[in-house]
Amino acid sequence: MRRQSRHSKRGLSTVVVSGMLIAAVAIMGSAVVSWSNSNMMTHQQSLETTYSTNVNKIKEYLTIENVWFGGTTPANKFVNITFNNAGSIGLNVTEVQLVTSTSTTEFSFTNGGIFPSKANSTQESYNWQDGVPIDLIVTTSRDSIFRTQVTP
Amino acid sequence: MKSRRGLSTVIGAIFFIIAASSTIGYVTYSMNTIDKYNQSVLEKNQEDVERSDEQFKITRITIDNNKLNMTIQNIGTLPINITRLWVENTTDTDDTDRVFKYDVKQAVYPGENIIKVGQNIPLTIKTTQAYDLKLVTERGNEQKISVNSANTAPLHLQIFALPEEVPTGFTTTLLFAVTNNMSDNSVLTNLTPNIVASPSSGASAIPKSSIIPASYQVLNPGDTAYFKQTYTLTGESGESVGFTASLQNGYSGQSVSQTVDISIIEQAEQSQTSLTSAGLGSQSLPDDLLVLHKETTDALDGRQLYGIDPESSSDTGTIIQLDSTDAVFYTNYDSPLEVTIPQGKWNATLRYLSQPMPDSLASLVPGESGRDGVIYHFEDGACGTPPCYVKDSSGDSPTNLSVPSTASNRPTWSSNIGPHSSGAFSFDGGDYLDATVTDDTKMEERDITTAGWFRTSVGTGVQVIFRAGDDGDTGSSGEFYQISLNGQNLRFNYRSDNNSGDNLVTCQTSGFNYANNNWQHFVAIRDDHRTCKLYINGTLVANDNSNGGGGNTNIDVSGDKFAIGRDPSCAGGGSCNYFTGDLDDIIHWDDDELATTPSNQIDDLYKTNFGVASHKVTFTIERVTSTGLPITGGTVIDSPSYQLNFADGFGDYDLTTPPDSKWKQFNFTGITTSDTLVDDNERLKFKMHFENPADSGEKMKMKLKIDDQGIVSGQLKSSLIQMPFPDKALTGYATYDNSGVGHMNVHNTGTNGAWISFMSRMIFDSMDDSSSYGALIKQVEGRPIDSTKDSAFFAPGDTNDAEFDKPYSVPGDASTTLVPEGRYKMYAFLSGYDERGQIFLQTAYVGVVRVT
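Okay, so let's go over this structure. This is a predicted model, so every value here is computed, not measured. (Residues numbered from 1 in each chain as written. Chains lettered and ligands numbered in written order. Predicted model: local features only at pLDDT ≥ 70, side-chain atom pairs only at ≥ 80, totals over all residues. Heavy atoms only, no water.)

Attention shifts here to the overall build of chain A. Secondary structure summary: chain A contains one helix and eight strands in total. For chain A, the N- to C-terminal ordering of α and β elements is α-β-β-β-β-β-β-β-β. A total of 152 residues make up chain A; the buried ones form 35% of that total. For chain A, the exposed surface amounts to about 9,000 Å²; the carbon and sulfur share of it is 55%. (Helix = DSSP H or I, 4+ residues; strand = E, 2+ residues; numbered from the N terminus. Buried < 20%, exposed > 50% of the residue type's maximum accessible area, 1.4 Å probe, protein only. Areas by Shrake-Rupley, 256 points an atom, 1.4 Å probe, with all protein chains shown as cover.)

This is how it looks when you write it as structure tokens:
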């Protein structure tokens, strides 16, 4: 009987300990797996974002197809610029800078989206000077910069 | 215990698997992402490369009916999609009517063209205004061109007159040069010249030709356009004609001018009687003219070159076959004698004639071979009011191709649109030329060949280039012979027997668009009644001998029409099948034997230049010793590979001695930049050497005519050189032996008969004007003349020999000084009266004579 009782107590303890160990391992393992998955997911998203940003920026290609100047007085002079999206993804023109040797003029846009293979024109008031060369710098929402030089 | 340890292992394994699979998944994803990124970079690079490889150009631009008409050629290796055309009117200041954007959306494949771009856009071009055009491709590349922009800035204009001084009745050729030196590097289009002649009082200038070309379609930056026009000038010596050249649409007020002086050969003009003293057999010309003579005496291995007219009015000169014989001419020499010729232009005015066909084919095709057929080079578009004809150069009973009486059916001739800038006809889809089939045209032989050039941009339907056969020769019946475009393919077909089945023989190309608006050369050969062969640009593209047959071998079209540009059965209600495009050099003859060795005659036909570079000649003018040896630094002008136009004589003449009317004229010009000193015992040597064209096909024979009479008449019949006016005359070949009496031929060129009186004299004036000698006239035609007896009657056209006494310092007094040996200017003074009682007193300069 004593032997039986002593034996029964040792068995119970081992089971409990084993259960605790198993539970502990399971909990810790699950925690580690969850943590690692979460961590990898974060990295994955980061990689995805980096990839998308870089690839889309690479694929952007904008040409300044035509620029012409109109008007005769400072009050009504203007510049008409046509952009052509010659790349394979859409882009968004956010800013145009007109830089001369003496001045810089900026135009911002909120509706400058251009689909692939499409063109878009904009006309802005601008007091151009005949024969004075102008650097025309176009910035997109992906921070791509395209430039050309024109002379009225 | 064993069992528990196993459970723990399983759990650990599960976690390991989870961890490992997560890690592997992440790494795989990362690698895929990197790979996609690399792919994107590669695609981007590929796009950039393709964008930079994209090349195209605007090869032609015209304004037709106030609409743009552009031809665009893809000169790269990638297909191009033209998306937009921008047009900016740089003249108009109205912003609302200044810049236009049009969608084009036309693809151009590598090596091909698209035509008529701009014809369908709603833009009306004003010819008085300037436009900047820009074509944009789908990849974002662009090409710019300016239209009518010659008026935006002054251009570099030049005008040359060749020669600048002419005798009355001679021609001068004006060259108007326009150089595109626009600072914006733009292409100029539609340069249309305007040349205005302003003769001084009494003079006249009559255009002998229109301005050639009438306009330049495109002039690239840095290039020069040359316009040519020939005028015949008449007037008195000292009169002149001013020429002013400008561009019709050029910069306001910009023009260039050139004056051409008229100098007349002296001749008697009293009482409507013209007695020309032909001193020592010849009449002198101004010191700056050197005539190419046929005589070889004292001219080393060449012929004489000096300023004396051909020997007599009946002299028809001689012909030099320049392709086989160098033409070499020498002036004479003397000592002491130094002649200085100032720097300037040397013009060689030459009469020549081209063989109708290249040398290797002369024995096969119509012309010198005596074979029958037709040769239409289309080098003459002159046609007044019909009936008039296109000339046949075959030389054997030429067949004149009729120009339709209805103006709208007449093709338009241009002098320089052909495959080698030669003359050609343009057919607008309702034009044609035709003639009746005769034995001489050889349309119905068993073995026949047809060759020619065509250019079209229309690639639909049937377009007849050449067809023999009349009403009923359509569909599956009738006998005919036809070369046509069937859609984009060239087709050669014929039927010689319609009595026993279809028997249609057809050769047709496939797989290539021949309606590509480029000139293409075809040779169609019928060998018996089953065989056809079709060559394009020297290459066999179709052949067949599996069809045809029947009893008849000849094509029965006798009495029918053959036509160029349509089906002649059109006149009888059949299909017209008009041709739209350009045609040139249509040749048809009665043989099928074109060899491929030793010379590929099919290739020769393709490569032969019937245009602006038909012949190449090296012109050399140099100083040589009295014996003809070269002198170091003696080259005055050396002009190799000078190109001469094809000079078509239009056949129907004796090819050995073509009549005067057949000879063409050209001017060779060389310029010296320093004075030329012809020293003691030196001669001038003028040499023309014919070159075999190495790059433009077969040798085209040419003849050169020299020493013909009539150089002072309205029609230039001989060849001569005009050089800058020398300080003294070069030594000629006329001599006078002072031990004997002098003789002179006197010719009555007027319309009235006349008598010469004893007052006539011969005068010798020393070259330095220090001494002079005179000789009395003694007799004419053996009849003595003195104060009591005049000469016998000179009928119009007569040439009589006049004998003069020896020249003395006191004429007639033998005790005074006899003219010593040396060089003298010789004059003839003729006195007399004509059959109407009018006197004439005439002094004629005979030329430089050497007294021995």
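The next thing to look at is the interface of chain A and chain B. Residue-level contacts link 37 residues of chain A with 33 residues of chain B. Note that E65(A) and R84(B) form a salt bridge whose closest N and O atoms lie 2.6 Å from each other. Our count for the chain A to chain B interface comes out at nine residue pairs in polar contact (both at pLDDT 80 or more). Listed by contribution, the elements that provide at least two residues to the side of chain A that touches chain B are helix 1 (2-59), strand 1 (62-70), strand 2 (78-85) and strand 6 (119-125) of chain A. Of the residues forming the side of chain A that touches chain B, the biggest block, 20 residues, is contributed by helix 1 of chain A. Residues that form the side of chain A that touches chain B fall into these classes: 16 nonpolar, 17 polar and four charged. (Contact = heavy atoms within 4.5 Å. Salt bridge = Lys/Arg side-chain N within 4 Å of Asp/Glu carboxyl O. Polar contact = N/O pair within 3.5 Å; in protein donor to acceptor, adjacent residues only side chain to side chain. Nonpolar A, V, L, I, M, F, W, Y, C, P; charged D, E, K, R; others polar.)

Attention now moves to the pairing of strand 34 (residues 489-495) of chain B. Regular strands show a simple pattern: their side chains alternate between the two faces of the sheet. All names here are of chain B. By the criterion of burial, strand 34 is predominantly enclosed, with seven of the seven residues buried. Of the two faces of strand 34, the one holding N489, R491, N493 and R495 and the one holding L490, F492 and Y494 are both buried throughout. As defined by bridge partners, strand 34 adjoins strand 35 (residues 504-508) across five bridges and the pair is classed as antiparallel. When the bridges of strand 35 are listed, F492 appears paired with C507. (Pairing = 2+ DSSP bridges.)

With that settled, consider the sheet that holds strand 6 of chain A. What links the strands of a sheet is backbone hydrogen bonding, and the strands pair in either a parallel or an antiparallel sense. Residue and element names in this part refer to chain A. Strand order in this open sheet of three strands is 1-2-6, and the pairing throughout is antiparallel. Edge positions in the open sheet fall to strand 1 and strand 6, since each of these has one partner strand only. Strand-to-strand, the axes of this sheet are offset by a mean angle of 20°, without reference to chain direction. (Axes fitted to C-alpha atoms, helices over the stretch in contact; angles between N-to-C directions.)

So, about the pattern of salt bridges. Residue and element names in this part refer to chain B. The full count for this structure, using the stated rule, is 15 salt bridges over all chains. Between D603 and K607 there is a salt bridge, with its nearest N and O atoms 3.1 Å apart. Here the residue D603 and the residue K607 both occupy positions in helix 2 (residues 601-607), the gap between them amounting to four residues, near one helical turn. Among the salt bridges present, the one from R623 reaches E682, with a minimum N-O distance of 2.9 Å. Note that R623 is positioned in strand 41 (residues 615-625) and E682 in strand 45 (residues 682-691), a separation of 59 residues in sequence. Like E682, R623 is buried. Each of the salt bridges in this network shares a partner with another, and the network as a whole consists of K44, D48 and R51.

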